[in-house]
Amino acid sequence: MPAVTASTLTLPRIDAPALDAAERPVRSVTTGPTGFEGEGFPVRRAFAGVSLTDLDPFIHMDQMGEVDYAPGEPKGTPWHPHRGFETVTYMIDGTFQHQDSHGGGGLITDGATQWMTAGAGILHIETPPEELVVSGGLFHGIQLWVNLPARDKMTAPRYQNLEGGQVTLLSSADGGALVRVIAGDVAGHTGPGSTHTPIALAHATISPGARLELPWRPDFNALVYVLSGRGTAGSEGRPVGSGSLVVYGRGDRITVTADGTHGSATPNLEVLVLGGQPIREPVAAYGPFVMNTKAELLQAVEDFQAGRLGVIPAGALMPHTMPGDTPRG
């Protein structure tokens, strides 16, 4: 169950879409493969197999977990660089610790979001705190990469810490869905995240049998990613389940409906709703760098190797290892 929850009876309600609002058709439904990231934590590659044109302005997204770690199992990432985009780490449940070479840092826990603008370049680390490694526990989150337009790729790095209590909480028109607005404008309600690229990002919990209809900016693309549960997307009733990514076509509103019954482990349909204004610029990506040309990528690698993207601070946070573990390089 997500850490941030509330009764929909007491929240502002999203107005039902206007009768003349055009519903966005479902263009595709894909299911991302599973893999491992960093020092070995499990992820699902949410955007695998989907064209960058359909994703624009987003580049990459991993669902981290959902996993209930045994003692000694939690893992994170070592120090690594980024340039040319923003990283968004949303912790649905559990705790991650962050530090970067630009002075940002802290705990990302229970519904909080770390929004890091890498811009011209930054080094950072995300790792579970020592107490979680020792005890084990629930770990479930999202990491999203948001592209920056060419004019902003070399902007100064920035760090935003958005606590779970800062998200804007809304109810669907019928009270059957809880919507957490993390960034951007959803149905006239704004989330706390400040973004260079105009986007909207929300996490919705849809009760069994309930239907979520959201007005959506016609100049934004529209994506829905299923974190858990089962349901259908669009008026076509396309079946979706855990790990499904729905790409919608043009229109003014998007629709997701939860199945009437779920297993006890996943009583609701949990979805991430996201979209943004396409940048429509060339994308050249290599590992942790997202630029516009191959020459800019080569420069990013050269700058990283020369230490121009930052240096690891003295006494910096490092991945915690249990006795007997073999550290990864």
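Reading the values: rules and limits
Residues numbered from 1 in each chain as written. Predicted model: local features only at pLDDT ≥ 70, side-chain atom pairs only at ≥ 80, totals over all residues. Heavy atoms only, no water. Helix = DSSP H or I, 4+ residues; strand = E, 2+ residues; numbered from the N terminus. Rg over C-alpha atoms; globule rule 2.2 N^0.38 Å. Buried < 20%, exposed > 50% of the residue type's maximum accessible area, 1.4 Å probe, protein only. Contact = heavy atoms within 4.5 Å. Pairing = 2+ DSSP bridges. Axes fitted to C-alpha atoms, helices over the stretch in contact; angles between N-to-C directions. Polar contact = N/O pair within 3.5 Å; in protein donor to acceptor, adjacent residues only side chain to side chain. Core = buried A, V, L, I, M, F, W, Y, C linked by side-chain atoms within 4.5 Å. Expected span 1.5 Å × (residues − 1). Arc of directions from axis to C-beta.

### Section: the overall build of the chain
Scanning the chain from N- to C-terminus turns up three helices and 26 strands. The C-alpha atoms of the chain give a radius of gyration of 19 Å, which matches the 20 Å a tight globule of 329 residues would have. The burial tally for the chain puts 53% of its 329 residues in the buried class. The long-range fraction of contacts in the chain, counting pairs at least 24 apart against all pairs at least 6 apart in sequence, stands at 74%.

### Here's the deal with the sheet that holds strand β8 (residues 105–109)
Spatially, the four strands line up as an open sheet ordered β5-β10-β7-β8, and their pairing is antiparallel. Sheet topology places β5 (80–82) and β8 at the edges, where each strand pairs with a single neighbour. Each neighbouring strand pair of the sheet contributes to a mean axis angle of 30°, computed without reference to strand direction. Here four bridges tie strand β7 (residues 95–100) to strand β10 (residues 122–127), and the two strands are oriented antiparallel to one another. Its bridge partner lying in β10, D100 is registered against H124.

### Re the side chain of H124
Within the secondary structure layout, H124 lies in strand β10. A distance of 3.5 Å separates the side chain of H124 from the side chain of H98, its partner in a polar contact.

### So, the nonpolar core
Formed by 29 residues in total, the largest nonpolar core has its most connected members in I206, W216, Y248 and V271. Of all the secondary-structure elements, those providing two or more residues to this core are β14 (177–183), β17 (199–206), β18 (211–215), β19 (223–228), β22 (244–248), β23 (253–258) and β24 (269–276). At four residues, the largest contribution of residues to this core is made by β17. Core analysis: the next-biggest nonpolar cluster, separate from the first, contains 27 residues, L55, A183, L223 and L245 among them.

### Description of the environment of S244
With respect to the secondary-structure elements, S244 resides in strand β22. When the C-alpha positions of S244 and T30 are compared, they lie 5.5 Å apart, and in sequence the two are 214 residues distant. Among residues more than four places away in sequence, those in contact with S244 are V29, T30, T31, V224, Y225 and V226.

### Quick word on the environment of Y248
Of note, Y248 is situated in strand β22. C-alpha of Y248 to C-alpha of G137: the two residues are 111 residues apart in sequence and 35 Å apart in space. Not counting chain neighbours up to four residues away, the residues in contact with Y248 comprise R24, P25, V26, R27, A222, V224, A233, G234, I254, T255 and V256. Among the polar contacts made by the side chain of Y248, one reaches the main-chain carbonyl oxygen of T255 at a distance of 2.9 Å.

### So, the pairing of strand β20 (residues 230–233)
Along β20, the buried face is formed by G231 and A233; none of R230 and T232, which line the opposite face, is buried. Relative to strand β21 (residues 238–241), β20 runs antiparallel, the two sharing four bridges. The partner of R230 across the bridge, within β21, is G241. In this antiparallel pair of consecutive strands, β20 and β21, the connection spans four residues, and G234 shows a positive phi of 75°. Inspection of the sheet shows β20 paired to β23 by three bridges, in the antiparallel sense.

### Section: helix α3 (residues 294–305)
Owing to its 3.6 residues per turn, the α-helix aligns residues three or four sequence positions apart on the same side. Spanning 12 residues, α3 covers 17 Å between terminal C-alpha atoms, matching the ideal 16 Å at 1.5 Å per step. Where α3 is concerned, the buried positions are L297, A300 and D303. Buried residues of α3 fall within an arc of 125° about the axis and therefore sit on the same side. Opposite the buried face of α3, by more than 90 degrees, sit the exposed residues K294, A295, L298 and Q305. On the buried face of α3, the contacting elements are β25 (284–286) and β26 (289–291).

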